[in-house]
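Architecture at a glance
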Amino acid sequence: MKTSCGSMLGLWGQRLPAAWVLLLLPFLPLLLLAAPAPHRASYKPVIVVHGLFDSSYSFRHLLEYINETHPGTVVTVLDLFDGRESLRPLWEQVQGFREAVVPIMAKAPQGVHLICYSQGGLVCRALLSVMDDHNVDSFISLSSPQMGQYGDTDYLKWLFPTSMRSNLYRICYSPWGQEFSICNYWHDPHHDDLYLNASSFLALINGERDHPNATVWRKNFLRVGHLVLIGGPDDGVITPWQSSFFGFYDANETVLEMEEQLVYLRDSFGLKTLLARGAIVRCPMAGISHTAWHSNRTLYETCIEPWLS
């Protein structure tokens, strides 16, 4: 039953002497201001994981955008494996980032969002696989080589100056090579057998090679609410750029889209299941180079902001 201020004063007037009512009138606005404000649902915390040779400083623009559009959001840009430390083996990085995200997730029973850039997107996908109790609502993969990398880039030339993509498999598919993060997702379509046998990271999280944790990892990965895939043809680093959308080369270097990949057809780690339930969002955007994805305002408003509930 609704009661107006006028009827409330009438009730008080029946119970209190008129003089007391007059004394209380000046304090009525203060009493109304003291009433609790309607509760506004808070935004889920956001965790940001950087890429190769990056640091938390690289994401200052993204942090600014989130604060503008979603004020009050708790954003944590994880400051781990910065610079050259990002070349550490990816499983080592997964363990370090896992220790950092567990307490953040524990304080957010409503869930969290992950924004993971470039190599960081692979770290995050592994996190979703190995964490039995993660509560990730949106996993936003920002220009990440999800199906691997096969291209000559400045990063590669700096790390292996005497090697080209055609012969890098000799290094990357050796025990020594697998000690470098970039070799953990090097995917040579001309030496698929070597990739499957030697890859200590990508072939495992893709479910391309049998291992005892495959079923559990798939179940864990499917806990995610949305998988948002972002990339574009002018990236200039991710090769092929469709790897950001789980596309990749066949043996003739023809790009096969996600739905044509064996990992999708076999649903080896859950892609087909996620797509069937409408949980995969693809957001391609032209005109953005690799180092500009996390600072482009239009990209943020189009592909990221809508998923930060």
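Residues numbered from 1 in each chain as written. Predicted model: local features only at pLDDT ≥ 70, side-chain atom pairs only at ≥ 80, totals over all residues. Heavy atoms only, no water.

By the naming in an unreviewed UniProt entry, the protein chain is Lysosomal thioesterase PPT2, taken from Mandrillus leucophaeus. The heading Catalytic activity (unreviewed entry) in the UniProt record of the protein chain holds the text "S-hexadecanoyl-N-acetylcysteamine + H2O = N-acetylcysteamine + hexadecanoate + H(+)". As recorded by UniProt, the Sequence similarities (unreviewed entry) comment attached to the protein chain reads in full: "Belongs to the palmitoyl-protein thioesterase family." (UniProt positions renumbered as here; feature names shortened; annotations may be inferred.)

1. Quick notes on the overall build of the protein chain
Scanning the protein chain for helices and strands turns up 15 helices and eight strands. Scored against the burial criterion, the 309 residues of the protein chain give a buried share of 50%. Surface summary for the protein chain: the accessible area is close to 14900 Å², and the carbon and sulfur share equals 57%. (Helix = DSSP H or I, 4+ residues; strand = E, 2+ residues; numbered from the N terminus. Buried < 20%, exposed > 50% of the residue type's maximum accessible area, 1.4 Å probe, protein only. Areas by Shrake-Rupley, 256 points an atom, 1.4 Å probe, with all protein chains shown as cover.)

2. Topic: the pattern of salt bridges
In this structure the tally under the stated criterion is six salt bridges. The shortest N-O distance in the salt bridge between D137 and K44 comes to 3.5 Å. Here the residue D137 occupies a position in strand 4 (residues 136-142), and K44 occupies one in the loop between helix 3 (28-33) and strand 1 (46-49), the gap between them amounting to 93 residues. Each member of the pair, D137 as well as K44, is classed as buried. Note that R282 is salt-bridged to E259, the shortest N-O span being 2.8 Å. Residue R282 is found in strand 8 (residues 280-284), and its partner E259 is found in the loop between strand 7 (255-256) and helix 13 (262-265); the two are separated by 23 residues along the sequence. Looking at E259, the relative accessible area reads 32%, which means it is partly exposed. (Salt bridge = Lys/Arg side-chain N within 4 Å of Asp/Glu carboxyl O.)

3. Concerning the packing of helix 5 (residues 90-106) against helix 6 (residues 119-130)
Two elements in contact, helix 5 and helix 6, have axes whose closest approach is 9 Å; the angle formed by their N-to-C orientations is 65 degrees. As judged from the angle between their axes, helix 5 and helix 6 are roughly perpendicular. As for how helix 5 packs across helix 6, the hand of that crossing is right-handed. Contacts between helix 5 and helix 6 pair L90, W91, Q93, V94, F97 and R98 from the former with Q119, V123, A126, L127 and V130 from the latter. (Axes fitted to C-alpha atoms, helices over the stretch in contact; angles between N-to-C directions. Parallel < 35°, antiparallel > 145°, perpendicular 65-115°, else oblique. Left-handed = near helix turned anticlockwise from the far one by under 90°. Contact = heavy atoms within 4.5 Å.)

4. Quick word on the layout of surface pockets
Considered as a void within the structure, the largest pocket measures approximately 390 Å³ in volume. As for the largest pocket, its lining consists of 19 residues, and the residues nearest its centre are D192, E208, Q261, L262 and V263. Among the secondary structure elements, those contributing two or more residues to the lining of the largest pocket are helix 10 (192-198), strand 6 (248-249) and helix 13. Each residue belonging to the lining of the largest pocket can be placed in one class, and the counts come to nine nonpolar, four polar and six charged. (1 Å grid on protein atoms, 1.4 Å probe; cavity = no way out; pocket = protein on both sides within 12 Å on 5 of 7 lines; lining within 4 Å. Points joined across faces, edges and corners; volume = space filled by probe spheres on them. Nonpolar A, V, L, I, M, F, W, Y, C, P; charged D, E, K, R; others polar.)

5. Some thoughts on the state of the cysteines
Applying the stated criterion across every chain, the model contains three disulfides. Disulfide pairing places C172 opposite C183 at an S-S distance of 2.2 Å. Taking the torsion about the sulfur-sulfur bond, which here is approximately -60 degrees, the covalent link between C172 and C183 counts as left-handed. Taken together, the residues C172 in helix 8 (residues 169-172) and C183 in helix 9 (residues 181-184) connect sequence positions eleven residues apart. (Disulfide = S-S within 2.5 Å.)

6. Observations concerning the confidence of the model for the protein chain
Mean pLDDT over the protein chain works out to 89, with 83% of the residues at or above the 70 mark. The low-confidence segment residues 1-16 (pLDDT under 50) makes six contacts with residues lying over four places distant or belonging to another chain. In this model residues 35-40 is a low-confidence stretch, pLDDT under 50, and it forms one contact with partners more than four residues away in sequence or in other chains. (pLDDT = per-residue confidence, 0-100.)

7. Description of the side chain of S138
With respect to the helices, strands and loops of the structure, S138 is situated in strand 4. The exposure class assigned to S138 is buried, which follows from its relative accessible area of 2%. A polar atom in the side chain of S138 sits 3.1 Å from the backbone oxygen of W307. When sequence neighbours within four positions are dropped, the list of residues in contact with S138 reads V112, H113, L114, H226 and W307. (Polar contact = N/O pair within 3.5 Å; in protein donor to acceptor, adjacent residues only side chain to side chain.)

8. A few points about the packing of aromatic side chains
Summed over the entire model, instances satisfying the criterion amount to 13 aromatic pairs. Ring geometry for Y65 versus Y300: centroids 5.6 Å apart, planes at 40 degrees, classification tilted. Of this pair, Y65 sits in helix 4 (residues 60-69) while Y300 sits in helix 15 (residues 297-304), placing them 235 residues apart in sequence. Classification of Y65 as buried rests on a relative accessible area of 9%. A relative accessible area of 1% places Y300 in the buried class. Feature note: the residues Y150, W186, F248 and Y249 constitute an aromatic cluster, connected by ring pairs. (Phe/Tyr/Trp six-rings, centres within 6.5 Å; stacked < 30°, edge-to-face > 60°.)

9. Comments concerning unusual backbone geometry
Residues T239 and P240 are joined by a peptide bond in cis, for which omega reads -10 degrees. If you check the backbone angles, S143 has positive phi at about 50 degrees while not being a glycine. One can find S143 in the loop between strand 4 and helix 7 (154-159). In this structure, F246 takes a positive phi of about 65 degrees despite not being glycine.

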